[in-house]
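# Structure at a glance
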Amino acid sequence: MLLGFLCVGLGIIGIVLPILPTTPLFLLATFFFVKGSDKFDRWFKGTKLYKKYLEDFVRERAMTRKQKWTILLTADAMIAIPFFILDSNLVKILLILVVAYKYYYFMTKIKTIEAH
C-alpha cells in the first residue's frame, strides 16, 4: 500500500515535472493497490488522476499521442544517462536495442486514441 501511495505521489509530481513519467507511475500504483487492498483499489480507480491518465489504457490498451511521446522521451532521457557515462560498447548496443524495441512496442502494440 505504501508503495502505491508513493507511486501516486510521484505521478502527481510528474504531471508538473515532465522528467517523471506519470502514466507508468500510476500503472505501478494500480498494481500495488490491487495487491494491497480492494478498498484502496476501488478508491484509486475512482480518482480523477486514474480516469485521466490510466482508464483508457487499462480498458482499451490505448494512449493518446501526447501520453506516448511523454513516456518515450522521458525514458529516452533516462536511458541516455548510462549511454553517455559508460564506456562499454556492449551496454551501449543493448541500450540502443531497448530504445528501438520501446518505440516499436509503443507504435505498433498500443493503440493511439484522440485526447478527450
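The rules we used
Residues numbered from 1 in each chain as written. Predicted model: local features only at pLDDT ≥ 70, side-chain atom pairs only at ≥ 80, totals over all residues. Heavy atoms only, no water. Helix = DSSP H or I, 4+ residues; strand = E, 2+ residues; numbered from the N terminus. Buried < 20%, exposed > 50% of the residue type's maximum accessible area, 1.4 Å probe, protein only. Contact = heavy atoms within 4.5 Å. Areas by Shrake-Rupley, 256 points an atom, 1.4 Å probe, with all protein chains shown as cover. Lys, Arg positive; Asp, Glu negative; His and termini not counted. Charge placed at Lys NZ, Arg CZ, Asp CG, Glu CD. Axes fitted to C-alpha atoms, helices over the stretch in contact; angles between N-to-C directions. Parallel < 35°, antiparallel > 145°, perpendicular 65-115°, else oblique. Nonpolar A, V, L, I, M, F, W, Y, C, P; charged D, E, K, R; others polar. Phe/Tyr/Trp six-rings, centres within 6.5 Å; stacked < 30°, edge-to-face > 60°. Lys NZ or Arg CZ within 6 Å of the ring centre and 35° of its normal. Core = buried A, V, L, I, M, F, W, Y, C linked by side-chain atoms within 4.5 Å. Polar contact = N/O pair within 3.5 Å; in protein donor to acceptor, adjacent residues only side chain to side chain.

## Things to note about the overall build of the protein chain
- When you go through the protein chain residue by residue, the secondary structure sums to seven helices and two strands.
- Reading the protein chain from its N terminus to its C terminus gives the helix and strand order α-α-α-α-α-β-α-α-β.
- Dimensions of the protein chain, computed from C-alpha atoms along their principal axes, come out at roughly 50 × 30 × 25 Å.
- Counting all 116 residues of the protein chain, 31% fall into the buried class.
- Sequence separation of 24 or more characterises 61% of the internal contacts of the protein chain that already satisfy a separation of 6 or more.
- Accessible surface for the protein chain amounts to roughly 7700 Å². Of this, 71% is attributable to carbon and sulfur atoms.
- The protein chain carries 16 positive and 8 negative side-chain charges, and their two centres are separated by 2 Å.

## Digging into unusual backbone geometry
- With a phi angle near 55°, Arg61 is a residue other than glycine that sits in the positive phi range.
- Structurally, Arg61 is set in the loop between α5 (55-60) and β1 (62-64).

## Points about the packing of helix α2 (residues 22-36) against helix α3 (residues 38-45)
- Orientation of α2 relative to α3, taken along the N-to-C sense of each, is 150°, at an axis distance of 7 Å. Classified by the angle their axes make, α2 and α3 are roughly antiparallel. Residues Phe26, Ala29, Thr30, Phe33 and Val34 of α2 touch α3, and the partners they reach there are Phe40, Asp41, Trp43, Phe44 and Lys45.
- Looking at the contact of α2 with α3 residue by residue, the class counts come to seven nonpolar, one polar and two charged.

## Thoughts on the packing of aromatic side chains
- Within the structure shown, the criterion is met by nine aromatic pairs.
- Residues Phe5 and Trp43 carry aromatic rings whose centres are separated by 5.8 Å and whose planes lie at 45° to one another, so their mutual orientation is tilted. Residue Phe5 is found in helix α1 (residues 2-16), and its partner Trp43 is found in helix α3; the two are separated by 38 residues along the sequence.
- The residue whose ring lies beneath Lys92 is Phe83, and the NZ or CZ to ring-centre distance is 5.3 Å.

## Digging into the nonpolar core
- Counting residues in each nonpolar core, the largest one holds nine residues, listed as Cys7, Val8, Phe26, Ala29, Phe33, Phe44, Tyr50, Tyr53 and Leu54.
- Elements that contribute at least two residues to this core include exactly α1, α2 and α4 (48-53).
- The dominant element in this core, judged by the number of residues it contributes, is α2, at three residues.
- If you look at the next biggest cluster of nonpolar residues, it comprises six residues, including Ile71, Leu72, Phe106 and Ile110.

## Observations regarding the environment of Ser88
- Within the element layout of this structure, Ser88 appears in the loop between α6 (65-85) and α7 (89-108).
- Note on Ser88: relative accessible area 31%, which makes it partly exposed.
- Within the structure, the side chain of Ser88 is placed 3.4 Å from the backbone nitrogen of Leu90, a separation counted as a polar contact.
- Here Val91 takes part through its backbone nitrogen, which lies 3.2 Å from a polar atom of the side chain of Ser88.

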